[in-house]
Amino acid sequence: MTDAHASRPAAPLLPTVAVPDKVSVDGLEERWDARWSENGVYAFDRTAERAEVYSIDTPPPSVSGSLHVGHVFSYTHTDVVARFQRMRGKHVFYPMGWDDNGLPTERRVQNYYGVRCDPSLPYDPDFTPPHAGGEGKSIKAADQVAVSRKNFVELCERLTAEDEKQFEALWRHVGLSVDWSHHYQTIGRSAQQVAQTAFLRNLGRGEAYQAAAPGLWDVTFQTAVAQAELEARDYPGHYHRVAFALTDPDSEAATTASQRTDTVHDGAVYIETTRPELLPAVVALIAHPDDERYASLIGTTVRSPLFGVEVPVVAHPAAEPDKGTGIVMCCTFGDLTDVQWWRELDLPMRSVIRRDGRLLDECPDWITSAAGRELWETQLAGKTTFSARQQVVDALRASGELAGEPVATQRKANFFERGEKPLEIVTSRQWYIRNGGRPATDAQGRDLREGLLARGEELDFHPDFMKVRYENWVRGLNGDWLVSRQRFFGVPIPVWYAVGEDGEVDHSTVLTPDEASLPVDPSSDTPPGYRPEQRGVPGGFVGEVDVMDTWATSSLTPQIAGGWLRDEDLFARVYPMDLRPQGQDIIRTWLFSTVLRAHLEFDGLPWRHAAISGWILDPDRKKMSKSKGNVVTPMDLLREHGSDAVRYWAASARLGTDAAFEVGQMKIGRRLAIKVLNASKFALTMGGDAPATLDPSAVTEPVDRALLAELADVVERATAALELYDHTRALEVTETFFWTFCDDYLELVKDRAYDSEGTYPAAAVASARAALAVTIDVVLRLLAPVLPFATEEVWSWWREGSVHAASWPVSGPLREAAGDADPGVLTVTGQALAALRKVKSEAKVSQRTTFARVRLELPAEDVARVQATLGDLRSAGRVRGDLEVMGAQAAETVSVTAHELDEPTPRKG
């Protein structure tokens, strides 16, 4: 990457260093956040050309309560990238969004205010909610006050506005270098305009369509659920062995089957099911085409137990011969496999479950037997599936059609990711967007699934192994994207339907608005060519009441944040974006859906890179999440350890890698931040009142030049790592160097740098002071993306402006100053100093105790390195007399082989 700042010369002489008497990391967050805002340090330059811009599609966190430490973890990774790119000379477009529409917000509002939405109620402009705050969480759903949709939406908007203020305050405390003038809400007017425009264009190209079809349904939340929102969980149940009577029990087919398996006998074939309450919805029995046990029954019919409905026995390769009895009932619908069989075998529709999870009130007309109708009308009508199951099992037991007793089992059931009850499959009219789950082509006539797989190949994933998760998801899609939701607080689907002269709604006649009128709300706005009084009357119209799935809006965050339709000049400067940072668990939802929308609308990728964070794990190695109740809220952590410390912990984990919640790592980070302050104060004040200098040509002494040679290596390794989105490696190499600098170099040169008695040559003193200043200058910039507060504090002592607006360091000037210096000089001299310290530690005397004489033994190739720095080593090690350096071929490191200490100075304490 070209460094736009590389040509900027640093002023060799700087103002006198002004270090406070006492330094501390406490309180830096508030002070520097205010300064950064006041000075516009992170403001995006609207005049920058696209080639000069680095734009980030920042994840909009869900506004449904509070952020947790996992958010701080992943957003810190993004902020490190933003700060690095800014220092590299890029104009960073780093907006913030709030994902404030959808089910999480609705649930929070219900609990917070003690209300529930009833769209049939009129608006009450003077409504006051019965609760406001934590007490609302204890209110049962039955006790919540019903309010109109408009009242409910107003409460959603009120609460999300309060939450967003708290979120922004937290992000500022963390030190995110966001330009807060660029922010959006996914329920905001601009977001609605983008989402509705994109949907109408999808509709115009045939990519969006409506269909009445079986779909997954959450009976608690009363909404359809998309494939991407499923979560398979273990659910307790029972296997029931149930007899289906053979229509012709004396046939040759029945006899052959009974000879091949013990599950066909006494004129019946036995199946096993965990959902006996769906017996009235049975449409077929299905066996594998290669299962010889049931081959003779294929093409015959059986009668369902209790209800006596005649159904065919058919074959399908999805049947599992080794599961249960090997033959299974297909009902409409128990699971997604039933949907597959229903479609592919052209079976009839016999749905018995309503949207509220209860059985139909009226007995279905396909049940014609008197016993079956009586059972329905007296025991099953309107019952929950759980209650109906008990009734059906009791009836089967009484009729003799239940073989043995139910056997307990754990079955896999589909749940909505936020739900608590297994999903049902009900038939309803919904809106879909084509996503490659079914055969389809894009606007250019290319196969849609293959086109989306090709987009995945174009996208640079960090880490690269995350690419396979995208590919597996695309290849595994089995249906189009369900985008309609039966909710209230969301972006309205912008269509109306004509009402025929007979008063019936004609869903096939879709009325759409002009793009210029967007956003619209069909529940209150009127379609073109109609008058408001024609709503709901013959010859008039009705508005769509459903809203878009929250992902249908979030899939357009690059367009919303970038100003598409609203600010085309901005959009041209930032889109397609450079980076999408996100969690690994939403590759299938957010990442894929964003790629899909960009592919359909712009025929390209929405960004060039995808940085995928891992999860935060609790002490039991489980993912932290609000739904599991094992999250840690971050503000107390940030105040206790400091934001730099928590950022250090986050940056210590690589992208795509799960990390433990580790307070110990935060303590290490705090120690590093404190050391940055203290070591910088020590290094920068060695020259007294003399101005600091960054003139590398003043660095002449061997150990000083060796320091700069090693620092040049660190700059190159850290830069290369950050260019590859490996912030952890960049931090590792920088931190290791910094501690070596503090533990070894500072000790080696402090006497020469102070020169309190004026005994050192002026050039040697100037060399040490210049090396110290140059090193502090470079290290501050290397650490700035991870420790923004401590580094900014030190920068303010002696430099103008902000370290975060400074140029990223480059190795060229350091290498030039180092010349042919050997970085190993510092390493070996540091080992020699450590050996001298060890002697005094083992003798339990002060490190100020002097040596009368000492002999060092070290590898022969290192002798010249130590001799080049003998003056500094003698001074740092307090060697008063002879300092002998001996080379030995067998030596692996530096050791003291002979010594004599002067009268020791006892250690205090």
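Quick caveat, the model's predicted, so the values are computed rather than measured. (Residues numbered from 1 in each chain as written. Predicted model: local features only at pLDDT ≥ 70, side-chain atom pairs only at ≥ 80, totals over all residues. Heavy atoms only, no water.)

Chemist: Any details on the overall build of the chain? Residues and values, ideally.
Modeler: In terms of helices and strands, the chain carries 26 helices and 31 strands. By the burial criterion, 56% of the 909 residues in the chain qualify as buried. Carbon and sulfur atoms make up 48% of the accessible area of the chain, which amounts to about 37600 Å² in all. Between the mean site of the 97 positive side-chain charges and the mean site of the 131 negative ones, the chain shows a separation of 4 Å. (Helix = DSSP H or I, 4+ residues; strand = E, 2+ residues; numbered from the N terminus. Buried < 20%, exposed > 50% of the residue type's maximum accessible area, 1.4 Å probe, protein only. Areas by Shrake-Rupley, 256 points an atom, 1.4 Å probe, with all protein chains shown as cover. Lys, Arg positive; Asp, Glu negative; His and termini not counted. Charge placed at Lys NZ, Arg CZ, Asp CG, Glu CD.)

Chemist: Report on the pattern of salt bridges, specifying residues and quantitative values.
Modeler: Scanning the entire structure with this criterion turns up 55 salt bridges. Of the charged contacts, one joins Arg 275 and Glu 424 as a salt bridge, the two residues approaching to 3.0 Å between their closest N and O atoms. Taken as a pair, Arg 275 in the loop between strand S11 (268–273) and strand S12 (282–287) and Glu 424 in strand S17 (residues 424–433) lie far apart in primary sequence, 149 residues in all. Residues Arg 275 and Glu 424 agree in their burial class; the two are buried. (Salt bridge = Lys/Arg side-chain N within 4 Å of Asp/Glu carboxyl O.)

Chemist: Can you break down the nonpolar core residue by residue, with the values?
Modeler: Counting 97 residues, the largest nonpolar core has Phe 741, Tyr 745, Leu 772, Val 794, Trp 798 and Leu 873 as its most contacted members. The leading source of residues in this core is helix H20 (residues 727–754), at 13 residues. Those residues within four positions of Leu 772 in sequence are excluded, and the remaining contacts are Ala 683, Met 686, Phe 741, Tyr 745, Leu 746, Val 749 and Ala 753. Counting 60 residues, the second-largest nonpolar core is a separate cluster that includes Ala 48, Leu 200, Leu 453 and Trp 496. (Core = buried A, V, L, I, M, F, W, Y, C linked by side-chain atoms within 4.5 Å. Contact = heavy atoms within 4.5 Å.)

Chemist: Now, about unusual backbone geometry: what can you tell me, with residues and values included?
Modeler: Residue Phe 333 is reached from Thr 332 by a cis peptide bond, and omega for that bond is 0°. Looking at the secondary structure, you find Phe 333 in the loop between strand S15 (327–331) and helix H7 (336–344). A cis amide bond links Tyr 575 with the next residue in sequence, Pro 576, at an omega value of -5°. By the secondary structure assignment, Pro 576 is in the loop between helix H14 (568–574) and strand S25 (577–583). Although it is not a glycine, Asp 346 adopts a positive phi angle of roughly 55°. With a phi close to 65°, Tyr 725 is a non-glycine residue in the positive phi region. As for its position among the elements, Tyr 725 is in the loop between helix H19 (702–723) and H20. Residue classification places Tyr 725 among the buried residues on the basis of a relative accessible area of 8%.

Chemist: Please give an account of empty space enclosed by the protein that cites residues and values.
Modeler: For the coordinates displayed, the defined rule picks out 5 cavities of 30 Å³ or more. When its volume is computed, the largest cavity comes out at roughly 60 Å³. Lining of the largest cavity is provided by Val 80, Ala 718, Leu 722, His 727, Ala 730, Leu 731, Thr 734, Leu 782, Pro 785, Val 786 and Trp 808. Listing elements by their share of the lining of the largest cavity, those giving two or more residues are H19 and H20. A total of 4 residues in the lining of the largest cavity trace back to one element, the largest contributor, which is H20. (1 Å grid on protein atoms, 1.4 Å probe; cavity = no way out; pocket = protein on both sides within 12 Å on 5 of 7 lines; lining within 4 Å. Points joined across faces, edges and corners; volume = space filled by probe spheres on them.)

Chemist: Requested: an account of the confidence of the model for the chain, with residues and values cited.
Modeler: Looking at the chain as a whole, the pLDDT averages 91, with 95% of positions reaching at least 70. Scored below 50 in pLDDT, residues 1–11 shows 18 contacts in the model against residues more than four places distant or in partner chains. (pLDDT = per-residue confidence, 0-100.)

Chemist: An account of the packing of aromatic side chains is requested, with residue identities and associated values reported.
Modeler: Counted under the stated rule, the structure contains 26 aromatic pairs. The interplanar angle of 20° and the centroid separation of 6.3 Å between the aromatic rings of Trp 98 and Trp 180 together place this pair among those described as stacked. You can see Trp 98 sitting in strand S3 (residues 96–98) and its partner Trp 180 sitting in the loop between helix H4 (149–174) and strand S6 (183–185), a full 82 residues away along the chain. Take Trp 98 and Trp 180: they sit in the same class, and that class is buried. Linked through ring pairs, Trp 564, Phe 571, Tyr 575 and Phe 602 together constitute an aromatic cluster. Over the face of the ring belonging to Trp 473 we find Arg 588, whose NZ or CZ atom lies 5.9 Å from the ring centre. (Phe/Tyr/Trp six-rings, centres within 6.5 Å; stacked < 30°, edge-to-face > 60°. Lys NZ or Arg CZ within 6 Å of the ring centre and 35° of its normal.)

Chemist: Summarise the sheet that holds strand S18 (residues 460–462); cite the residues concerned and give the values.
Modeler: Taken together, 3 strands build an open sheet; the order of strands is S18-S26-S25 and the sheet is parallel. Looking at which strands have only one partner, the edges of the open sheet turn out to be S18 and S25. Pairs of neighbouring strands in the sheet enclose a mean axial angle of 20°, with direction left out of account. Direction of pairing for S25 relative to strand S26 (residues 607–613): parallel, over a ladder of 6 bridges. Residue pairing in the sheet places Gln 582 in a bridge with Ile 612 of S26. Packed on one face of the sheet, helix H15 (residues 587–602) meets S18, S25 and S26 and runs near 160° to S25. (Pairing = 2+ DSSP bridges. Axes fitted to C-alpha atoms, helices over the stretch in contact; angles between N-to-C directions.)

Chemist: Please give an account of helix H3 (residues 103–113) that cites residues and values.
Modeler: In terms of burial, H3 is largely enclosed, as 9 of its 11 residues are buried. If you check which residues of H3 are buried, you get Leu 103, Pro 104, Thr 105, Glu 106, Arg 108, Val 109, Gln 110, Tyr 112 and Tyr 113.

Chemist: Summarise the sheet that holds strand S7 (residues 208–218); cite the residues concerned and give the values.
Modeler: Pairing is antiparallel in the open sheet, where 4 strands are placed in the order S8-S7-S17-S19. Because the sheet does not close on itself, it has two edges, and the strands there are strand S8 (223–224) and strand S19 (481–482). Inspection of the sheet shows S17 paired to S19 by 2 bridges, in the antiparallel sense. Paired with Tyr 432 across the strands is Leu 482, a residue of S19. Most of the contacts of H7 go to S7, to which it runs at about 140°, and overall it touches S7 and S17.

Chemist: Describe the pairing of strand S9 (residues 230–246), naming the residues involved and giving the relevant values.
Modeler: With 12 bridges joining them, S9 and strand S16 (residues 402–416) adopt antiparallel strand pairing. For Tyr 235, the partnering residue across the bridge sits in S16 and is Arg 411. Relative to strand S13 (residues 301–303), S9 is paired through 2 bridges, and the arrangement is antiparallel. Bridging from a neighbouring strand, Leu 246 pairs with Val 302 of S13.

Chemist: Can you explain the layout of surface pockets? Please cite residues and give values.
Modeler: Of the volumes computed, that of the second largest pocket is approximately 1200 Å³. Where the lining of the second largest pocket is concerned, the elements lending two or more residues are S9, S11, S15, H7, helix H9 (385–399), S16 and S17. It is S16 that provides the largest number of residues to the lining of the second largest pocket, a total of 5 residues. Grouping the amino acids of the lining of the second largest pocket by side-chain chemistry returns 20 nonpolar, 13 polar and 13 charged. (Nonpolar A, V, L, I, M, F, W, Y, C, P; charged D, E, K, R; others polar.)

Chemist: If you had to explain the side chain of Gln 559 to someone new, which residues and values would you point to?
Modeler: Positionally, Gln 559 belongs in helix H13 (residues 557–562). Accessibility expressed as a relative area gives 1% for Gln 559, which makes it buried. Those residues in contact with Gln 559, other than ones at most four positions away along the chain, are Val 194, Trp 564, Phe 571, Tyr 575, Ala 598 and Phe 602.

Chemist: How would you explain the state of the cysteines if you had to name every residue and give the values?
Modeler: One pass over the structure, following the stated rule, counts 0 disulfides. Cys 156 supplies the cysteine sulfur nearest to Cys 117, a cysteine that is in no disulfide, at a spacing of 8.3 Å. With a relative accessible area of 0%, Cys 156 lands in the buried category. (Disulfide = S-S within 2.5 Å.)

Chemist: Describe the packing of H20 against helix H24 (residues 824–842), with residues and values.
Modeler: Across the interface, H20 lies against H24 with an axial gap of 9 Å and an inter-helix angle of 85°. Classified by the angle between their axes, H20 and H24 sit roughly perpendicular to one another. Together, Asp 743, Asp 744, Tyr 745, Glu 747 and Leu 748 of H20 and Leu 826, Thr 829, Gly 830, Leu 833 and Arg 837 of H24 make up the contact between the two elements. Of the residues assigned to the contact of H20 with H24, the class counts are 4 nonpolar, 2 polar and 4 charged. (Parallel < 35°, antiparallel > 145°, perpendicular 65-115°, else oblique.)

Chemist: Quick rundown of the side chain of Thr 791? Include the residues and the values.
Modeler: Within the secondary structure, Thr 791 is located in helix H22 (residues 788–798). The buried category is assigned to Thr 791, whose relative accessible area is 0%. Sequence-distant contacts of Thr 791, that is, excluding residues within four places in its chain, are made with Leu 780, Leu 783, Ala 784, Val 803 and His 804.

Chemist: Describe the environment of Ala 834, and please don't skip the residues or the numbers.
Modeler: Tracing the backbone through its elements, the reader meets Ala 834 in helix H24. Judged by relative accessible area, Ala 834 falls into the partly exposed class, the value being 37%. Put simply, Ala 834 and Pro 527 are 307 residues apart on the chain and 82 Å apart in space, counted from C-alpha to C-alpha.

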